[in-house]
Amino acid sequence: MTLAPNEQLPDHDHFPHAAPAAHARRPRTAPPWWFVLPALLLFVFVVLVPSARGVYYAFTDWDGLDPNFSFVGLGNFADMFSDADAMQAIWHTLLIAVSITVLQNGLGLLLALGVNTAIKSRNVLRVFLFAPAVITPIVTAYLWRNLLGPDGGANSLLGVVGLDGSRQDWLGDPQLALWAVVGVIVWQYAGYSMVIFLAGLQSVPKEIHEAAEIDGAGPVRRFWSVTRPLLAPAFTINLMLSIIGGIKLFDQVYALTGGGPGHATDTISTLIYKDAFTLGEFGYSIALAVVLTIIVAVASTGQYLVLSRNERAAS
Amino acid sequence: MKTRIPTVLSAVVTAAALLAACSGGTKAGDSGGGGGSKTLTLASVDQGSVEDVVKAFEKANPGVKVRYTTSGADQYQQQIRTQLSSGTAPDVMSVWPGNGNPGATYVLAKPGYLRDLSDQPWAAELPDAIKSVAQYEGKTYNAIFGQNGIGAVYNQQALEKAGLTPPDTWKDLLAFCRAAADKGTPAFALGNQDNWVTQLVQYALVATTVYGDDRDFDKKMQTGQATFAQSQWTTALDKYLTMEKTGCFQKNPLGTNYEASQGLAATGRTLGIIQGNWVIALLKQKNPQGTFTFKALPATDDPSATIVPAAAGAGYGVNAKAKNEDLALKFVNFVMSPEGMNLFVKKQGGLPSLPDTGYAVDPSLAELSTFIRAGRTVPFMDQLWPNAKVQQTMLSGLQEIFSDQSTPEELLKEMDADYKAGS
C-alpha cells in the first residue's frame, strides 16, 4: 500500500530536527568510549576477577575448607596427566562432543528439510520436534534413566515388537552407556538444531531454487549448490552451540549414569564435580576446570575461524 | 556411610539465601543478640524427621523460633563447606560420624569449625563404638542420636509364597539363592547403578570375614601392619562375586538404580534386598501392606560368628562461631534427650545411640537390636578411613568389577594406594 503525499506531512512536522543532513551523518558518529564502562566494570568484577582468582587455586592443594593451604605449582596439572581417570574423562568428553555435533546437526538438518516441505502436518511436527528442547535437561535425564532401565520402556518396546534378543542393559553396560547418553542428548536437542536450520532454510529465496530447477538441477544438486551455501550462517551457529554444549556436558550425564558404571561415562565436568565436592580436592578440580576452559576456547575459536571463512567463501 | 535422599535443590538455594542473610561470623555466646537470641539456625540432612523434632523443640521452648533447611547429602556437603569457610554457616548443622566424607566429624573439627561438646551431659554416656566416631582427638564434637545396620531385609509375604526361610550360614545362603532363582524370584534386589549401593553387600560380608577374626583390623591398617589386598577383604569380595554368579541378585544390577531396587523388593519381585535398615521405611511407602524384617547376612558357616556392620548415623554439631550458642546447645541436648532421640529414630526407622531411652524397638529390627546389645557389630568400614578417596575408589571399582572393566586384585591395590596417601 502506498501513502498519499499528505500522509507523510505530520511525520516531518513531528521531527523538525531530523534534517536529511543529520540522517546521513549519524552512522559515522561513534558513541563515546566511556559508554561501555559500566558494563565493562561489571564484567570485570563479576566475571573476570573471580575467574582469575579461581585459577590461582589450580596451583594450590586447597581442600575447599581449610584456610591453610600451600602452593604446589604445576603439581595438579602433572597429576592430571598421570591420572588415568582424568585422561579417560577428557577422551569421553571429546568423543561425546564430536558425536553430538555430528548426530544432532545431521538429524536436525534432515528434520528441518522435512518440515520445510509442503506436508500438511508440518506446523504440528515442528512443535513436537522442538518440544524436548524446552524441558529441563535434568528432567529428561531422569525420565530416560527409567526408560533405559532393564525393565524400562525401551526394553519393553523391543519385547513388544519381538526383538527380545536386542534387549540391553543400556546404562549398566560400559560399552553402551556412553552412547545411550549421546542418544538422549541428540533426542533432546535435534529439534533445537532443526529450528535454527529451519530459519536459515526459510531465508533461502524461492527464485534461486526456481532458477536452478530451470537450469536442470535435481533436488540433491539444488540442496548442495543452493541451499547448503546459503545455510552457512545456520551451520556456524549450530555447530558452535553443539560443540560447546557437548564439551561442557554435565547434567544429563550426572543424572543418567553418575559417570558410571565405574568411570565409563565420566566427562571432565562430572570429574570436576566429584573431585571438588565428594573428595574435597578443590585445587585439582579447579586445574581440571582450567583445562576444560582451554579446550572449549580452542575448539570454539578454531571452529569459528574455519566456519566463518567458509561462510564468506559461500556468500 | 552416606544415604542419598532424593535431593531438593530448591532447599539448598533457599538455605544459601537464608543463611547468607543472617551471616556475620562473630561469636555471640553472650546473649547480646537482642531479638536474635530467640532464633536458632539449623541445616539438616534428616529430611522427613527433623521437622517433627523442630516442632517438639519449639513447643518445649516457647518463644523460640528455629529457622531450618533440609537437603540431600551431596548438596548439603557442598553447601556446608562453602558456608563454613565464608563464615555464614548456621548455629547447628548435620555432621557425619568419623572421617571419610566432606561433612564428617574429623574433617570439620580439624580446622576448628565445630564447638567442643565434651562438657555436655550425654557425651560421657555414648557407647564406645559410637564415641570412636563422634570424637576427634579425644573431644566429642558430634551429637550422634541414632544408629543403623546393614543386612538382608526380607519381604515376609514373598518368603512365605516361595516357601523359603532366611539363611543363617553361608552354605544355606547360596542354597537359598539357588532355590529362589529357580522359582523365578531372585533372592535380593541390587541397585548398583547408584554407586553408593555397591558397597553395602561388601560391607555386610567384610564385617564377618575381616573383623570376625580380627577386631583390631583398623588399628593394623592405621599403623601399616595390614593392607586390603593381603587381608580377608579378598575373601569378602570373592564371596560378593560368588553371590552374583549364583544368581542371588536380579539381572542387570548395574542398570538398576536404588529406587528401582526398592520397587523390586517391596512388591515381591525379589525376596528381599541387602541394604541399611533405613530401607524398611521406604519399602513400606511402596507397599504399605508389606512386612519387612532385618536379618544379618551370613558370610561363614558358623552362625555365631556373624557380625553386622552397624554404625552411627549422621548427628549434629554446633558451629564454633554460633550466633546463638546457648540455644544451639539447648537444641543439641534436646536431640540427645530420650524425647528428641526417640522422635528421630522412630521416624527414620533406626535405633537410638544411647541406652535406656525407653525406646520400644520395632519387631522388624529385633535382630539388629540383639546384635548391637551383644556387641556383635563393627562400624561401617569407611568411617575410620583416612580420606574420602578410598571409598570413592571402592564404589566405582565395584561397578567396574561388575562390568568386567577391573578385577578384585586391582581394586584392592588401588584402595591400598589411596589409603596410604593419608589424610
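This one's a predicted model, so the numbers in the text were calculated from it and none came from an experiment.

Participant: Quick one: what's the story with the overall build of chain B, residue by residue and with numbers?
Facilitator: Counting secondary structure elements, chain B contains 17 helices and 13 strands. Compactness check: chain B gives a C-alpha radius of gyration of 22 Å against a globular reference of 22 Å for 423 residues, within 12% of the reference. The C-alpha extent of chain B, read off along each of the three principal axes, is 70 × 50 × 40 Å. In chain B, buried positions account for 60% of the 423 residues. Within chain B, contacts between residues separated by at least 24 positions form 76% of all contacts whose residues are at least 6 apart in sequence.

Participant: Got a sec to walk through the confidence of the model for chain A? Specific residues and values, please.
Facilitator: In this model, chain A carries a mean pLDDT of 86, and residues with pLDDT of at least 70 account for 90%. Across residues 1–22 of chain A, confidence stays below pLDDT 50; counting only partners more than four residues off in sequence or on other chains, it has 2 contacts.

Participant: I'd like a description of the interface of chain A and chain B, backed by residues and values.
Facilitator: One widely used convention gives an interface's size as the accessible area the parts lose upon coming together. Contacts between the two partners involve 27 residues from chain A and, on the opposite side, 28 residues from chain B. Counting each side, the surface lost to burial between chain A and chain B is near 2200 Å², with a carbon and sulfur contribution of 51%. Applying the counting criterion to the chain A and chain B interface returns 1 salt bridge. Run the count over chain A and chain B and you get 7 residue pairs in polar contact (both at pLDDT 80 or more). Listing elements by their share of the side of chain A that touches chain B, those giving two or more residues are α7 (137–147), α13 (251–256) and α14 (268–278) of chain A. When residues of the side of chain A that touches chain B are assigned to their parent elements, the largest contribution, 3 residues, is made by α14(A).

Participant: I'd like a rundown of the state of the cysteines, residues and numbers included.
Facilitator: All names here are of chain B. Counting across every chain of the model gives 1 disulfide over all chains. Each sulfur in the disulfide pair C177 and C248 lies 2.0 Å from the other. One quick way to see it: the torsion about the S-S bond of C177 and C248 is about 105 degrees, and its sign makes the bridge right-handed. Placement of C177 in helix α7 (residues 170–182) and of C248 in the loop between α10 (233–246) and α11 (258–266) is noted, with a sequence separation of 71 residues between them. Pair check on accessibility: C177 and C248 agree, each one buried.

Participant: Talk me through the UniProt feature "domain: ABC transmembrane type-1" (unreviewed entry) in chain A; I want residue IDs and the actual numbers.
Facilitator: Within this numbering scheme, the UniProt entry marks residues 90–303 of chain A as carrying the feature "domain: ABC transmembrane type-1" (unreviewed entry). Taken end to end, residues 90–303 of chain A comprises 75% helix and 0% strand; its first and last C-alpha atoms sit 19 Å apart.

Participant: Please set out the nonpolar core residue by residue, giving values where relevant.
Facilitator: All names here are of chain B. Within the largest apolar cluster, 80 residues are counted, with the highest numbers of intra-cluster contacts made by F188, W233, M243 and W385. The leading source of residues in this core is helix α8 (residues 198–209), at 7 residues. Not counting residues up to four positions away in its chain, the partners in contact with W233 are Q202, Y203, V206, V210, F217, F228, M381, W385, M394, L412 and M415. Residues V66, V92, M341 and F344 belong to the second largest nonpolar core, which totals 38 residues.

Participant: Would you mind going over the domain arrangement of chain B in detail, with residue names and values included?
Facilitator: Residues and elements named next belong to chain B. The domains assigned to chain B are domain 1 (9–144 + 313–353) and domain 2 (149–310 + 377–420). One C-alpha centre belongs to domain 1, the other to domain 2; they are set 31 Å apart. With 11 residues of domain 1 at the interface, the matching set in domain 2 holds 10 residues. When the two sides are added together, the surface that domain 1 and domain 2 hide from each other amounts to roughly 720 Å², 47% of it contributed by carbon and sulfur.

Participant: Break down the pattern of salt bridges for me, with residues and values.
Facilitator: All names here are of chain B. Counted by the stated rule, this structure contains 11 salt bridges over all chains. K65 is the partner of E58 in a salt bridge, and the nearest nitrogen-oxygen pair spans 3.9 Å. Looking at K65, the relative accessible area reads 47%, which means it is partly exposed. A salt bridge links D119 to R115; the nearest nitrogen and oxygen atoms lie 3.6 Å apart.

Participant: Help me get a handle on helix α8 (residues 153–160) of chain A, residues and values and all.
Facilitator: Residues and elements named next belong to chain A. Residues of α8 that are buried include every one of N155, L158 and G159, and no others. Here the buried residues of α8 occupy an arc of 100 degrees about the axis, which is enough to place them on one side. Along α8, exposed side chains directed more than 90 degrees from the buried face belong to L157 and V160. On its buried face, α8 is in contact with α7. Once α8 finishes, G162 follows within two positions and takes phi at roughly 85 degrees, a positive value.

Participant: Account for the packing of aromatic side chains, with residues named and values stated.
Facilitator: Residue and element names in this part refer to chain A. Per the counting criterion, the structure on display carries 37 aromatic pairs over all chains. Relative to Y273, the ring of F250 has its centre 5.5 Å away and its plane inclined at 50 degrees; by these criteria the two rings are tilted. A residue pair is termed long-range when its members are at least 10 positions apart, and F250 in the loop between α12 (232–248) and α13 and Y273 in helix α14 qualify at 23 residues. Using a relative accessible area of 23% as the deciding quantity, one classes F250 as partly exposed. Three or more aromatic residues joined by ring pairs form one cluster here, namely Y56, Y57, F59, W62, F69, F71, F77, F250, Y254, Y273, F277 and F282.

Participant: If you had to explain α10(B) to someone new, which residues and values would you point to?
Facilitator: All names here are of chain B. For α10, spanning 14 residues, the distance from its first C-alpha to its last is 20 Å, which sits close to the expected 20 Å at 1.5 Å a residue. Every buried residue of α10 is accounted for by W233, A236, L237, K239, Y240, L241, M243 and T246. Downstream of α10 by one or two residues, G247 has phi in the positive range, about 85 degrees.

Cut-offs applied
- Residues numbered from 1 in each chain as written.
- Chains lettered and ligands numbered in written order.
- Predicted model: local features only at pLDDT ≥ 70, side-chain atom pairs only at ≥ 80, totals over all residues.
- Heavy atoms only, no water.
- Helix = DSSP H or I, 4+ residues; strand = E, 2+ residues; numbered from the N terminus.
- Rg over C-alpha atoms; globule rule 2.2 N^0.38 Å.
- Buried < 20%, exposed > 50% of the residue type's maximum accessible area, 1.4 Å probe, protein only.
- Contact = heavy atoms within 4.5 Å.
- pLDDT = per-residue confidence, 0-100.
- Buried area = accessible area lost by both parts, 1.4 Å probe.
- Salt bridge = Lys/Arg side-chain N within 4 Å of Asp/Glu carboxyl O.
- Polar contact = N/O pair within 3.5 Å; in protein donor to acceptor, adjacent residues only side chain to side chain.
- Disulfide = S-S within 2.5 Å.
- UniProt positions renumbered as here; feature names shortened; annotations may be inferred.
- Core = buried A, V, L, I, M, F, W, Y, C linked by side-chain atoms within 4.5 Å.
- Domains from an automatic or database assignment.
- Arc of directions from axis to C-beta.
- Phe/Tyr/Trp six-rings, centres within 6.5 Å; stacked < 30°, edge-to-face > 60°.
- Expected span 1.5 Å × (residues − 1).

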